[in-house]
Amino acid sequence: MSDALFSPAVARNAAAIVEILGRVFPPSGLVLEIASGSGEHAVHFARAMPALDWQPSDPDEVARRSIVAHTRASGLANLRAPLAIDATRQLWPVAKVDAIVAINMIHIAAWDATTGLMAGAGATLPVGGILYLYGPFREDGAHTAPSNAAFDDGLRTRNASWGVRDVEAVAVAADTHGLHLAERVAMPANNLSLIFRKLDRPSANVGRASR
């Protein structure tokens, strides 16, 4: 396990995320995780939902080595070897998946990673397929908590292209590729779950979702 990385956030949010995924994901099929990081989430999800096959990915080689280490240690048959997917690139090395998950990704990346994620999800998901996002977001142009505002300031100090994104802007980017924001769920620590569903055409209700 010398290559394995560990994130304290996984222990705090994995159970709450699984509760949402278990409700909105299909009972079986292939789930692609974008920006899997350490790989701990993938192990947790694959173990909690054994009828689903889990495909982790990350553009970073160090992260992929960590994913491999956690995957081998888990012994899970439904957890695949990681792919080197960069969300900003037009072509992904996977043609079709039943659901996609991206956790704590889009605020620690340039905006073209968000638009690339939406393009890739639109191209690989079937009609009715789910894209699940988790993390901090702004709503109606404002942060949902002072801690998120401070976190946003810290991100932008580290990299001017990073930052907590507006739900409405993310929904517009998604709608361009036929992904409708179907549900928004408040999560612990002032985070949100955003659940997008693939339509057969762009939605006329951009940014509207049940709460």
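Before going into details, it helps to say that this report is about the structure given with it. (Residues numbered from 1 in each chain as written. Predicted model: local features only at pLDDT ≥ 70, side-chain atom pairs only at ≥ 80, totals over all residues. Heavy atoms only, no water.)

## Description of the overall build of the protein chain
Counting its regular elements, the protein chain contains 6 helices and 9 strands. At 16 Å, the protein chain has a C-alpha radius of gyration in line with the 17 Å of a compact globule built from 211 residues. Seen through its principal axes, the protein chain has C-alpha atoms that stretch 45 × 40 × 30 Å. When burial is assessed residue by residue, the protein chain has 51% of its 211 residues classed as buried. Long-range pairs, those at least 24 residues apart, make up 74% of the contacts in the protein chain with a sequence separation of at least 6. With the model as given, the accessible surface of the protein chain reaches about 9600 Å², and the carbon-plus-sulfur share is 53%. Mean positive and mean negative side-chain charge positions of the protein chain (19 and 20 charges, respectively) differ by 2 Å. (Helix = DSSP H or I, 4+ residues; strand = E, 2+ residues; numbered from the N terminus. Rg over C-alpha atoms; globule rule 2.2 N^0.38 Å. Buried < 20%, exposed > 50% of the residue type's maximum accessible area, 1.4 Å probe, protein only. Contact = heavy atoms within 4.5 Å. Areas by Shrake-Rupley, 256 points an atom, 1.4 Å probe, with all protein chains shown as cover. Lys, Arg positive; Asp, Glu negative; His and termini not counted. Charge placed at Lys NZ, Arg CZ, Asp CG, Glu CD.)

## Brief notes about the environment of Ser 36
Among the secondary structure elements, Ser 36 is positioned in the loop between strand S1 (29–34) and helix H2 (40–48). Sequence separation of Ser 36 and Ile 103 is 67 residues, and the distance between their C-alpha atoms is 7.7 Å. Each residue touching Ser 36, except ones within four places of it in the same chain, is listed here: Pro 56, Ser 57, Asp 58 and Ile 67.

## Considerations on the pattern of salt bridges
Where charged atoms from two side chains of opposite charge approach closely, those side chains can pair. Across all of its chains, the model carries 6 salt bridges by this definition. Arg 156 serves as the salt-bridge partner of Asp 152, at 3.0 Å between the closest nitrogen and oxygen. You can see Asp 152 and its partner Arg 156 sitting in helix H5 (residues 146–158), 4 residues apart, about one turn around the helix. Arg 156 sits in the partly exposed class, given a relative accessible area of 37%. (Salt bridge = Lys/Arg side-chain N within 4 Å of Asp/Glu carboxyl O.)

## Here we look at the sheet that holds strand S2 (residues 52–55)
The strand order across the open sheet built from 6 strands is S2-S1-S3-S4-S9-S8, with neighbouring strands paired in mixed fashion. Whereas interior strands pair on both sides, the edge strands pair on one side only; in this sheet they are S2 and strand S8 (179–187). Mean inter-strand twist for the sheet, computed between neighbouring axes without regard to direction, equals 20 degrees. Here S1 pairs with strand S3 (residues 99–103) via 4 bridges, running parallel. Its bridge partner lying in S3, Leu 32 is registered against Ile 100. Contacting S1, S3, strand S4 (130–135), S8 and strand S9 (191–198), helix H4 (residues 111–124) crosses the sheet at an angle of about 155 degrees to S4. Where helix H6 (residues 167–175) meets the sheet, it contacts S4, S8 and S9, and its direction lies at approximately 20 degrees from that of S9. (Pairing = 2+ DSSP bridges. Axes fitted to C-alpha atoms, helices over the stretch in contact; angles between N-to-C directions.)

## Things to note about empty space enclosed by the protein
What the rule picks out here adds up to 1 cavity of 30 Å³ or more. Lining the largest cavity are Ala 102, Asn 104, Met 105, Ile 106, His 107, Leu 133, Tyr 134, Gly 135, Pro 136 and Phe 137. Counting residues per element, the lining of the largest cavity draws most heavily on S4, which supplies 3 residues. In terms of residue class, the lining of the largest cavity is built from 7 nonpolar, 3 polar and no charged. (1 Å grid on protein atoms, 1.4 Å probe; cavity = no way out; pocket = protein on both sides within 12 Å on 5 of 7 lines; lining within 4 Å. Points joined across faces, edges and corners; volume = space filled by probe spheres on them. Nonpolar A, V, L, I, M, F, W, Y, C, P; charged D, E, K, R; others polar.)

## Topic: the layout of surface pockets
In this model, the largest pocket occupies a volume close to 880 Å³. Lining of the largest pocket is provided by 41 residues; of these, Ala 35, Ile 103, Asn 104, Met 105 and Ile 108 occupy positions nearest its centre. Those elements that provide at least two residues to the lining of the largest pocket are helix H1 (8–24), S1, H2, H4 and H5. Ranked by residue count, the leading element in the lining of the largest pocket is H1, at 4 residues. Taken together, the residues of the lining of the largest pocket sort by class into 21 nonpolar, 13 polar and 7 charged.

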